[in-house]
Structure formats: structure tokens, C-alpha cells
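Here is what each chain is made of, one letter per residue.
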Amino acid sequence: MSDDLKPPTWLKPMNKLVVALGRLGVPAGPSQVLTVPGRKTGQPRSTPMTPFEHGGALYTVAGYPGADWAANARAAGTGVLTRGRRSRRVRIVELTVDQSRPVLRAFAEKVPVGVGFAKRSGLVTDGTPDEFEALAGRLAVFELRFVEPHP
């Protein structure tokens, strides 16, 4: 599998739909929307994702290597996580390769929608914890730490 994997063509329109539903206060399944400033323009960039709890912390995983939202999150270090009409400010902390391994294993078990996406994208074959752990260093993994309620 190559690290220059491109997102599927349907992803951008689907993300726009999920973000639009969120702005209306309608949660779309387990997804939430992370908004961070773009690293080049500084304009807010909103991306749906499926954060999950593991070991008492909240994490999210990039859907493919080199994801733009991950680069923006990495550069910003903070953002706003929204589900429906509820928004909270978060500090975004990228995990090291070793720190990401157990989180990626948990992702395989706790985020079925993410497993399906990874299978359709060709990142994994079966979606096992071992396959996801092997993606450490290829997929960005972030811890999301709530810092304060967002107005």
C-alpha cells in the first residue's frame, strides 16, 4: 500500500453533507465535526470524524495518510469539536508512533464506520486490530483534550 493514497471521490461531498447537517444541529451517526484554522489561509476548516474513547481519553484517527485535515490539526494544535448543537474547544495532541499502536488497535474494535472506510480505501484487508496497529506511523492519531466549553 502506498502512502500517496488519495481519498475516494465521494468523500468531499459526503463530508460537506455531514458538516451541513451538523450546522443544522442534526448529528450524523457517531460522527462529530472538528474545526481548525487552515494552515495556509487561516480560514476555518471543518472535517467530520469519529472520535472514540480509549483508556479514559478521547482520540481520532486520520482516514488516510497525508490527510489535509490532519496537517491542519497538527499545525493548529487547538480546535472546536462539535456534535449537533454542542461545541467544545479541544487541544489536539498528535501521538508518537509507539503511543499510537494501542489506540489504532482499539480503533479497529470501537469504530466500525472507520474500519469500513479503511477497507474500502485499501488501507486494510480485514480490519483486524493487527492490521490497524501496523498503520502506526502512516496514519496520524490525535488525542483530543477538552479545554473549556465553547459558546
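Notes on the structure in this doc start here. What you are looking at is a predicted structure, and each value in this text was computed from that prediction instead of being measured. (Residues numbered from 1 in each chain as written. Predicted model: local features only at pLDDT ≥ 70, side-chain atom pairs only at ≥ 80, totals over all residues. Heavy atoms only, no water.)

The next thing to look at is the overall build of the protein chain. Each helix and strand in the protein chain was counted, giving five helices and seven strands. Reading the protein chain from its N end, one meets helices and strands in the order α-β-β-β-β-α-β-β-α-α-α-β. Sequence-distant contacts in the protein chain: of pairs separated by 6 or more residues, those separated by 24 or more amount to 65%. Total accessible area on the protein chain is roughly 8300 Å²; 53% of this is exposed by carbon and sulfur atoms. (Helix = DSSP H or I, 4+ residues; strand = E, 2+ residues; numbered from the N terminus. Contact = heavy atoms within 4.5 Å. Areas by Shrake-Rupley, 256 points an atom, 1.4 Å probe, with all protein chains shown as cover.)

On to the packing of aromatic side chains, then. For the structure on display, the rule yields four aromatic pairs. The interplanar angle of 50° and the centroid separation of 5.6 Å between the aromatic rings of Trp 69 and Phe 142 together place this pair among those described as tilted. In this pair, Trp 69 sits in helix α2 (residues 68-76) while Phe 142 sits in strand β7 (residues 141-149), placing the two residues 73 residues apart along the sequence. The pair Trp 69 / Phe 142 is uniform in exposure class, with both members buried. These aromatic residues form a ring-pair network of at least three members: Phe 52, Tyr 59, Phe 107 and Phe 132. Taking NZ or CZ as reference, Arg 88 lies 4.0 Å from the ring centre of Phe 146, over its face. (Phe/Tyr/Trp six-rings, centres within 6.5 Å; stacked < 30°, edge-to-face > 60°. Buried < 20%, exposed > 50% of the residue type's maximum accessible area, 1.4 Å probe, protein only. Lys NZ or Arg CZ within 6 Å of the ring centre and 35° of its normal.)

So, on to the pairing of strand β6 (residues 86-94). Pairing between strand β5 (residues 78-83) and β6: six bridges, direction antiparallel. Looking at β6, one finds that Thr 78 is bridged to Arg 91. Hairpin connection, β5 to β6: the antiparallel pair is bridged by two residues, and Gly 84 has positive phi, about 60°. (Pairing = 2+ DSSP bridges.)

In this structure the tally under the stated criterion is two cavities of 30 Å³ or more. Looking at the second largest cavity, its volume works out to about 30 Å³. Surrounding the second largest cavity, Leu 34, Val 36, Arg 45, Thr 47, Trp 69 and Asn 72 form its lining. Elements with a minimum of two residues in the lining of the second largest cavity: β1 (32-37), β2 (44-49) and α2. (1 Å grid on protein atoms, 1.4 Å probe; cavity = no way out; pocket = protein on both sides within 12 Å on 5 of 7 lines; lining within 4 Å. Points joined across faces, edges and corners; volume = space filled by probe spheres on them.)

By the definition in use, this model includes six salt bridges. The partner of Arg 39 in a salt bridge is Asp 68, and the shortest N-O contact between them spans 3.6 Å. Of the two residues, Arg 39 sits in the loop between β1 and β2 while Asp 68 sits in helix α2, which places them 29 residues apart along the sequence. By relative accessible area, Asp 68 is classed as partly exposed at 49%. In this structure, the salt-bridge partner of Arg 101 is Asp 98, at a minimum N-O distance of 3.4 Å. One end of the pair, Arg 101, and the other, Asp 98, are both in helix α3 (residues 97-110), three residues apart, so they sit about a helical turn from each other. Residue classification places Asp 98 among the exposed residues on the basis of a relative accessible area of 58%. Connected through shared salt-bridge partners, Arg 105, Asp 130 and Glu 133 make up one network. (Salt bridge = Lys/Arg side-chain N within 4 Å of Asp/Glu carboxyl O.)

The biggest cluster of nonpolar side chains holds 37 residues, and the ones touching the most others in it are Leu 34, Phe 52, Trp 69, Ile 92 and Phe 132. Counting residues per element, the ones that place at least two in this core are β1, β4 (57-61), α2, β6, α3, α4 (112-121) and β7. When residues of this core are assigned to their parent elements, the largest contribution, five residues, is made by α3. With near-sequence residues (within four places) excluded, Phe 52 lies in contact with Ala 57, Leu 58, Tyr 59, Val 61, Val 103, Ala 106, Phe 107, Lys 110 and Val 111. (Core = buried A, V, L, I, M, F, W, Y, C linked by side-chain atoms within 4.5 Å.)

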